[in-house]
Amino acid sequence: RVSMLGLSAGAALMLLHAGQHGPRFHRLVSIYGATDFGRIGGRRAELLLGAVLGTRDRQVWVERSPSRFATMETPLLLIHGTADQLVPALHSTSLHAQREARGLPSRLELFEGMRHGWLNDASLPQTETAVEQVLAFLEG
């Protein structure tokens, strides 16, 4: 069984890859991942997406977003902090809602008050909780 986990931009790339090759994966975990490129703002983000996707056309960004793979049947765990200002939790809550509406296996875990990158601090009790949730999900 092969599963994938990604954090932030890595989560976006993981979801894009899984969207193209999804049935072969056992489980997917997205941690504060950017799933809707159309919701990304800020000059640095726009320059980065423009360079990565080869265009500054927001409609193209939307069409190439990981959220377009909301129909893949691979079980997905989404973990996000509610105080994330770099990639707002709306990315995960929206993808989760899309998947639930389609009856697809999706689980959303929101961590109150946590900002982007919080999982890097192993001393936080929220980090321990998130790691336990990820391990339990991957074992399922």
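Our subject is the structure listed above.
Let us look at the structure shown here. A quick note: this is a predicted structure, and the numbers were derived from the prediction, not measured. (Residues numbered from 1 in each chain as written. Predicted model: local features only at pLDDT ≥ 70, side-chain atom pairs only at ≥ 80, totals over all residues. Heavy atoms only, no water.)

**Details of the overall build of the chain**
The line we're drawing: Helix and strand assignments come from DSSP, with helices taken as H or I runs of at least 4 residues and strands as E runs of at least 2, each series counted from the N terminus. Throughout, radius of gyration means the C-alpha value; the globule benchmark is 2.2 Å times the number of residues raised to the power 0.38.
Helix and strand counts for the chain come out as five helices and four strands. The N-to-C order of helical and strand elements in the chain reads β-α-β-α-α-β-α-β-α. Against the globule reference of 14 Å for 140 residues, the chain gives a C-alpha radius of gyration of 14 Å, in line with a compact fold. Each principal axis of the C-alpha atoms in the chain carries an extent, and together these give about 40 × 35 × 25 Å.

**So, the pairing of strand 4 (residues 106-111)**
Filter applied, for reference: Pairing between strands is defined by DSSP: at least two bridges between them are needed.
Of the pairings in the sheet, the one linking strand 3 (residues 76-81) to strand 4 comprises six bridges and is parallel in character. The partner of L77 across the bridge, within strand 4, is R107.

**Concerning the environment of F25**
As a reminder, the rule being used: Whether two residues are in contact is decided by their heavy atoms, any of which lying within 4.5 Å being enough.
Residue position: F25 is located in the loop between helix 1 (9-21) and strand 2 (28-31). F25 sits 22 residues away from S3 along the chain, and the two C-alpha atoms are 5.4 Å apart. Residues contacting F25, with those up to four places away along its chain left out, are V2, M4, H17, A18 and T74.

**Re the side chain of S106**
Stated formally: For the purposes of these results, a polar contact is taken to be a pair of N or O atoms within 3.5 Å, where, inside protein, one atom must be able to donate a hydrogen and its partner to accept one; residues adjacent in sequence count only when each atom of the pair is a side-chain atom.
Within the element layout of this structure, S106 appears in strand 4. Of note is the side chain of S106, whose polar atom sits 2.8 Å from the side chain of H96. Every residue in contact with S106, bar those within four places of it in the chain, is listed here: L76, L78, H96 and R99.

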